[in-house]
Amino acid sequence: MRRCFTVVCAAICALFAGCRSAGSTENLEPVSGFETEKYMGLWYEVARFPHWFERDLHNVTAVYKLEENGTVSVENSGFKPVGKRSVTKGVAFQPEKGIGLLKVSFFRPFYGEYRIIFLEKDYSAAIVTSSSKDYLWILSRTPELPEAKKVQYLDYIRRWGFPLEKLQWMNWQKQP
């Protein structure tokens, strides 16, 4: 039984190691002076790197809510091409107060990094990654960004070494 557990743990570690193919983001510091309360609420996904867990989804949003126990509830939702809403719920915690880094889990007990590497001073837009350059999102409090902001964010993303050709811009559609 113990050998089986060891083999399963080794397989999981190998799987997660393989997910880090694009390089580490450890040299990209999360924002400092981060105020968790200001980050809470509704965010619209403006652009993202494609991943299986968001395949074919559009009109993707994330809602963050600070719970009484200090954790953050996370609800990601989007629409499939047939119009059916897909919802995923998770939980997050902030390992260090004042730093834009959360540990998020949608599949407990496994947690991943949610690293906020850019945040507008008024908390109107953010650029988020993980521990790997395989993951990137541009989030906004509105479904659209001004063109000048898009250009600015693309410049940041390019300088940070992310593969811009992977970035997919969302086309927000009205839902019934």
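Residues numbered from 1 in each chain as written. Predicted model: local features only at pLDDT ≥ 70, side-chain atom pairs only at ≥ 80, totals over all residues. Heavy atoms only, no water.

**Student:** Describe the overall build of the protein chain, listing the residues and the values that go with them.
**Tutor:** Scanning the protein chain for helices and strands turns up three helices and nine strands. Mapped in sequence order, the helices and strands of the protein chain form the string α-α-β-β-β-β-β-β-β-β-α-β. Here the protein chain holds 176 residues, and the buried ones make up 40% of them. Sequence-distant contacts, at least 24 apart, represent 53% of the contacts inside the protein chain between residues at least 6 apart. Accessible surface, the protein chain as shown: approximately 10,600 Å² in total, 57% of it carbon and sulfur. (Helix = DSSP H or I, 4+ residues; strand = E, 2+ residues; numbered from the N terminus. Buried < 20%, exposed > 50% of the residue type's maximum accessible area, 1.4 Å probe, protein only. Contact = heavy atoms within 4.5 Å. Areas by Shrake-Rupley, 256 points an atom, 1.4 Å probe, with all protein chains shown as cover.)

**Student:** So what's going on with unusual backbone geometry? Residues and values would help.
**Tutor:** Of note, the amide linkage connecting Arg108 to Pro109 takes the cis form, showing an omega dihedral of 20°. Relative to the elements of secondary structure, Pro109 occurs in the loop between β5 (101-107) and β6 (110-119). One non-glycine residue with positive phi stands out, namely Asp56, at about 65°. For Asp56, the position within the fold is in the loop between β1 (41-48) and β2 (58-66). Judged by relative accessible area, which is 52%, Asp56 ranks as exposed. Here the phi dihedral of Tyr123 falls at roughly 60°; this positive angle occurs in a residue that is not glycine. Relative to the helices and strands, Tyr123 is located in the loop between β6 and β7 (125-129).

**Student:** Outline the nonpolar core, listing residues and values.
**Tutor:** With 21 residues, the main nonpolar core has Tyr39, Tyr64, Tyr114, Ile116, Leu119 and Val128 as its most contacted residues. Only β2, β3 (72-79), β5, β6, β7 and β8 (136-140) provide two or more residues apiece to this core. Per-element tally for this core: the top contributor is β6, with three residues. Residues within four places of Tyr64 in sequence aside, it is in contact with Tyr39, Met40, Gly41, Trp43, Val72, Ser73, Val74 and Tyr114. Counting 16 residues, the second-largest nonpolar core is a separate cluster that includes Leu28, Val46, Ile157 and Leu167. (Core = buried A, V, L, I, M, F, W, Y, C linked by side-chain atoms within 4.5 Å.)

**Student:** Quick one: what's the story with helix α3 (residues 147-159), residue by residue and with numbers?
**Tutor:** With 13 residues, α3 should reach 18 Å at 1.5 Å per residue; the first-to-last C-alpha distance of 19 Å fits that figure. The secondary structure elements touched by the buried residues of α3 are β6, β7, β8 and β9 (168-169). In the stretch just after α3, Gly161 is the one whose phi turns positive, near 90°. (Expected span 1.5 Å × (residues − 1).)

**Student:** I'd love a proper account of the packing of aromatic side chains, names of residues and values included.
**Tutor:** Applying the stated criterion to the full structure yields 12 aromatic pairs. Geometrically, the ring pair formed by Tyr39 and Tyr64 is tilted, given 5.6 Å between the ring centres and 50° between the ring planes. In this pair, Tyr39 sits in helix α2 (residues 36-39) while Tyr64 sits in strand β2, placing the two residues 25 residues apart along the sequence. Of the two residues, Tyr39 and Tyr64, both sit in the buried class. Ring centres of Tyr156 and Trp160 lie 5.8 Å apart, and the angle between their planes is 35°; on these two criteria the pair is classed as tilted. Taken together, the ring pairs in this structure connect Phe34, Tyr39, Trp43, Tyr64, Tyr114 and Tyr123 into an aromatic cluster. The residue whose ring lies beneath Lys133 is Phe162, and the NZ or CZ to ring-centre distance is 5.7 Å. Sitting over the face of the ring of Trp169, Lys150 holds its NZ or CZ atom 5.2 Å from the ring centroid. (Phe/Tyr/Trp six-rings, centres within 6.5 Å; stacked < 30°, edge-to-face > 60°. Lys NZ or Arg CZ within 6 Å of the ring centre and 35° of its normal.)

**Student:** Describe the side chain of Lys133, and please don't skip the residues or the numbers.
**Tutor:** Inspection of the secondary structure puts Lys133 in the loop between β7 and β8. In this structure Lys133 is buried but unpaired, with Asp134 as the nearest side chain of opposite charge at 10 Å. Within the structure, Lys133 has its side chain in polar contact with the backbone oxygen of Trp160 (distance 2.7 Å). (Lys, Arg positive; Asp, Glu negative; His and termini not counted. Salt bridge = Lys/Arg side-chain N within 4 Å of Asp/Glu carboxyl O. Polar contact = N/O pair within 3.5 Å; in protein donor to acceptor, adjacent residues only side chain to side chain.)

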